[in-house]
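Tertiary structure, described
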Amino acid sequence: MEQIAEIVISLLLVAAGIFGLVGSYGLLKLPDTMSRLHAPTKATTLGVGGVLIASMLYFWIFRDTLSWHELLITMFLLLTAPITANFIAKAHLHRFGNADDLPDTQTDHIWATFEDEAEELQPVMTRTTPKPAPPKADH
Amino acid sequence: MLRKLFPHPYLTLLLIITWMLLVNHLKLGSLVFAVILGTIIPIITAPYWPDRPLLRNPVAIIGYILIVLYDIVKSNFIVAGIVLFKPKTKLQSAWITVPLDLRTPEAITVLAGTITMTPGTVTADMSGDGKALLIHCLHAPDPDSVRDEIKSRYEARLMRIFE
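Residues numbered from 1 in each chain as written. Chains lettered and ligands numbered in written order. Predicted model: local features only at pLDDT ≥ 70, side-chain atom pairs only at ≥ 80, totals over all residues. Heavy atoms only, no water.

This part covers the overall build of chain A. Scanning chain A for helices and strands turns up three helices and zero strands. Along chain A, helices (α) and strands (β) appear in the sequence α-α-α when read from the amino end. When burial is assessed residue by residue, chain A has 29% of its 139 residues classed as buried. Partitioning the intrachain contacts of chain A with sequence separation of at least 6 by distance along the chain shows that 49% fall at a separation of at least 24. (Helix = DSSP H or I, 4+ residues; strand = E, 2+ residues; numbered from the N terminus. Buried < 20%, exposed > 50% of the residue type's maximum accessible area, 1.4 Å probe, protein only. Contact = heavy atoms within 4.5 Å.)

Here we take up the environment of A:Leu13. All names here are of chain A. Tracing the backbone shows Leu 13 in helix H1 (residues 2-29). Leu 13 sits in the partly exposed class, given a relative accessible area of 41%. Sequence-wise, Leu 13 and Gly 47 are 34 residues apart; in three dimensions their C-alpha atoms are separated by 8.5 Å. Non-local contacts of Leu 13, meaning those with residues more than four positions away in its chain, are made with Val 51 and Ala 54.

Take the side chain of B:Thr121 next. Relative to the assigned elements, B:Thr121 resides in strand S2 (residues 121-126). By relative accessible area, which is 4% here, B:Thr121 ends up buried. Of the polar contacts made by the side chain of B:Thr121, one reaches the backbone oxygen of B:Ile115; its length is 2.8 Å. Each residue touching B:Thr121, except ones within four places of it in the same chain, is listed here: A:His38, A:Lys42, B:Ile115, B:Thr116, B:Ile135, B:His136, B:Cys137 and B:Val146. (Polar contact = N/O pair within 3.5 Å; in protein donor to acceptor, adjacent residues only side chain to side chain.)

Looking now at the pattern of salt bridges. Residues and elements named next belong to chain B. Per the stated rule, a full pass over the model turns up five salt bridges over all chains. Residue Lys 151 pairs with Asp 101 through a salt bridge whose shortest N-O separation is 3.4 Å. With Lys 151 in helix H6 (residues 143-162) and Asp 101 in the loop between strand S1 (94-99) and helix H5 (105-117), this pair connects stretches of sequence that are 50 residues apart. Judged by relative accessible area, which is 22%, Lys 151 ranks as partly exposed. (Salt bridge = Lys/Arg side-chain N within 4 Å of Asp/Glu carboxyl O.)

On the secondary structure map, B:Ala80 appears in helix H4 (residues 60-85). When its relative accessible area of 8% is taken as the criterion, B:Ala80 is described as buried. Among residues more than four places away in sequence, those in contact with B:Ala80 are A:Phe19 and A:Val22.

All right, on to the confidence of the model for chain A then. Here chain A shows a mean pLDDT of 76. Residues at 70 or above account for 78%. Element-level mean pLDDT values for chain A span from 82 in helix H2 (residues 33-62) of chain A up to 86 in H1(A). (pLDDT = per-residue confidence, 0-100.)

And the structure:
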């Protein structure tokens, strides 16, 4: 039984290592910034995920304690990866992007990155209704 | 009164769970401290969060999480395959526009994050009025099918959860 567990844990670790390596190799190989974003946001998720599952299994089987930290790490990873990717994409659009290369928004506004900054920025969507105008004094 | 004490009940619950996971063992003392933190932090940060996310259908979230987890694993294999075996010249990157039916900011944030984590797509930008998302595809010979899949697979489900 312990032998099987050891094999499973080792396999998970090796698979995770391979995915991490492929993600890093993707950074090197893909042709432009936007394509390069795809490799680290995805391939590495499974890389880190595999290590964390292996760690949980190890502590559960060999140390008889359930460790929950790994779930937290997974959660933080899943929350931060898309935001980081979005920041890098926006920074890239600001510096090298050309509004003409992008497809049409199919709405009245252009993409937010290229909107005129002088324009007064209003919060676009909010559920709170605007406050009613203060009542006029009667006299 | 209860609303004043717990301006964001979901945030309180999330903070308690997060604290218990951080402590990594179940003891009454940590639970009491978790409840104290879960009460104080939402009250202090309440001025920055005037809105309260509405959840129409909290049970559907579990199904959504499972689908997204499955897609994340799938996307890892797809992207790894593209990185390893697709020559640079055969890569057909594309920008696509996804018009949004979702209107709540929380739902759009979740959709944008999901798109980034799933097969071959990264959310790059949003239109000025918040009615469309700009998405970059790593390899998309047929951009329209990618857009339709996002709309039917994720947006329709989020619609049921949030709106």
